[in-house]
Structure formats: C-alpha cells, structure tokens
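# A look at the structure
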Amino acid sequence: MASLSSPLRVCRGILKELRAIQGPSYKQSLAYNYVIDQFRKNKVTGERYCRAQQEAHHASLTYLCLLASTRNHLALHNLYHGKGERSPEEVASLVGLRLPTQPGGKGWEK
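Residues numbered from 1 in each chain as written. Predicted model: local features only at pLDDT ≥ 70, side-chain atom pairs only at ≥ 80, totals over all residues. Heavy atoms only, no water.

### A few points about the overall build of the chain
As a reminder, the rule being used: Comment: elements are numbered from the N terminus, with helices defined as DSSP H or I runs of at least four residues and strands as E runs of at least two. Relative accessibility under 20% of the residue-type maximum defines a buried residue, over 50% an exposed one, and the middle range a partly exposed one, all with a 1.4 Å probe and only protein chains included. Residues count as neighbours in contact if any of their non-hydrogen atoms are within 4.5 Å of one another. Computed by Shrake-Rupley with a 1.4 Å probe, the accessible areas treat only the displayed protein chains as cover when residues are assessed.
Of regular secondary structure, the chain possesses four helices and zero strands. Going from N to C terminus, the chain has its helices and strands arranged as α-α-α-α. Buried positions account for 17% of the 110 residues belonging to the chain. In the chain, of all internal contacts separated by at least 6 residues, the share reaching a separation of at least 24 is 52%. Split by element, the accessible area of the chain, about 9400 Å² in all, is 58% carbon and sulfur.

### Here we look at the packing of helix H1 (residues 7–22) against helix H2 (residues 30–41)
Relative orientation and spacing of two packed helices are given, respectively, by the angle between their axes and the distance between those axes. Defined as follows: Every axis corresponds to a line fitted to the C-alpha atoms, with the helix fit spanning only the stretch in contact, and the corresponding angles, defined between N-to-C directions, vary from 0 to 180 degrees. In this scheme, roughly parallel covers angles under 35 degrees and roughly antiparallel covers those over 145, while 65 to 115 is roughly perpendicular and the rest are oblique. Just so you know the grouping, Ala, Val, Leu, Ile, Met, Phe, Trp, Tyr, Cys and Pro go in nonpolar, Asp, Glu, Lys and Arg go in charged, and all remaining residues, Gly too, go in polar.
Between H1 and H2, whose axes approach to 11 Å, the crossing angle comes to 175°. In terms of orientation, H1 and H2 fall into the roughly antiparallel class. Two secondary-structure elements touch here, H1 through Pro7, Val10, Cys11, Ile14, Leu15 and Leu18 and H2 through Ala31, Tyr32, Val35, Ile36 and Phe39. Residue composition of the contact of H1 with H2, grouped by class: eleven nonpolar, no polar and no charged.

### Considering the packing of aromatic side chains
How we decide: For this analysis, a ring pair means two rings from Phe, Tyr or Trp (six-membered ring only for Trp) whose centres lie within 6.5 Å, classed as stacked if their planes differ by under 30 degrees, edge-to-face if by over 60, and tilted for the remaining angles.
Per the counting criterion, the structure on display carries one aromatic pair. With a centroid separation of 5.6 Å and 85° between ring planes, the pair formed by Tyr26 and Tyr32 is classed as edge-to-face.

### A look at H1
Rule in force here: Multiplying 1.5 Å by the helix residue count minus one yields the expected span of that helix.
Taking 1.5 Å per residue as the helical rise, H1 with its 16 residues ought to reach 22 Å, and the 22 Å between its terminal C-alpha atoms agrees with that figure. A positive phi of about 90° marks Gly23, the residue just after H1.

### Regarding the nonpolar core
This is how the line gets drawn: What makes a nonpolar core is a set of buried Ala, Val, Leu, Ile, Met, Phe, Trp, Tyr and Cys residues whose side-chain atoms join them at distances within 4.5 Å.
Among the nonpolar cores identified, the biggest contains twelve residues, and these are Val10, Cys11, Ile14, Leu15, Leu18, Tyr26, Tyr32, Val35, Ile36, Phe39, Leu64 and Leu67. Only H1, H2 and helix H3 (51–80) provide two or more residues apiece to this core. A per-element tally of this core places H1 first, with five residues. The residues contacting Val35, other than those within four sequence positions of it, are Ile14, Leu15 and Leu18.

### Things to note about the environment of Gln38
Note on placement: Gln38 falls in helix H2. Look at Gln38 and you get partly exposed, because its relative accessible area is 24%.

Purely spatial values, then, with no claim about function.
Spelled out as structure tokens, the structure:
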C-alpha cells in the first residue's frame, strides 16, 4: 500500500480548495466547519493502530483529489468549451493558418 501523506497536509489541501471555490469568506461556511470538526475528531491518539483513523485519512485524501480534479476540470472546460458556430476564417486562425484569398477580385470575397 502506498504511504499516505500527513493528515495536516491533507487538511490544508482541502481548506485551500474550499478557499478557491468559495472565496475569502470560506471560514464561515458549513463545509469549513465540518472539515475542521472531522479532523479534530480523528486526530492521532495513543493507540497503536486505529483502523477508523486510517479510513478517515483515506477518505479525506479521496475528497481532496475530488476537489482538485473538479477545479481542474472546470478550468479546462472554460478554456476549451465551444462558443457556437465559428466562421472558417476564425477556425483557421485557431490552428495558426490563413485562408487563401482569391486573386483578381471576383467580387464575392471580402
């Protein structure tokens, strides 16, 4: 099994993603309070092996991966999302090409 990163690093990562989603007022959100409460409830005790704590840590890593992947997906979607029908000139310029012009002035080109 791959080694897990520290719970503090995961908690900070989740809070960073919440801050990116909700803005500067993320500390007043219910999600922030829930994450902090869960990390405080599952912090390391004097036990030698705590299965519930490791399950909570794995679930928090999974949630962090979900938040980061969702943010990346939205950024890519906004960047590459289609903007409707485009003219041939605009499509050609997207890939770095230019359409040829008609020499001689046929009257129908721009």
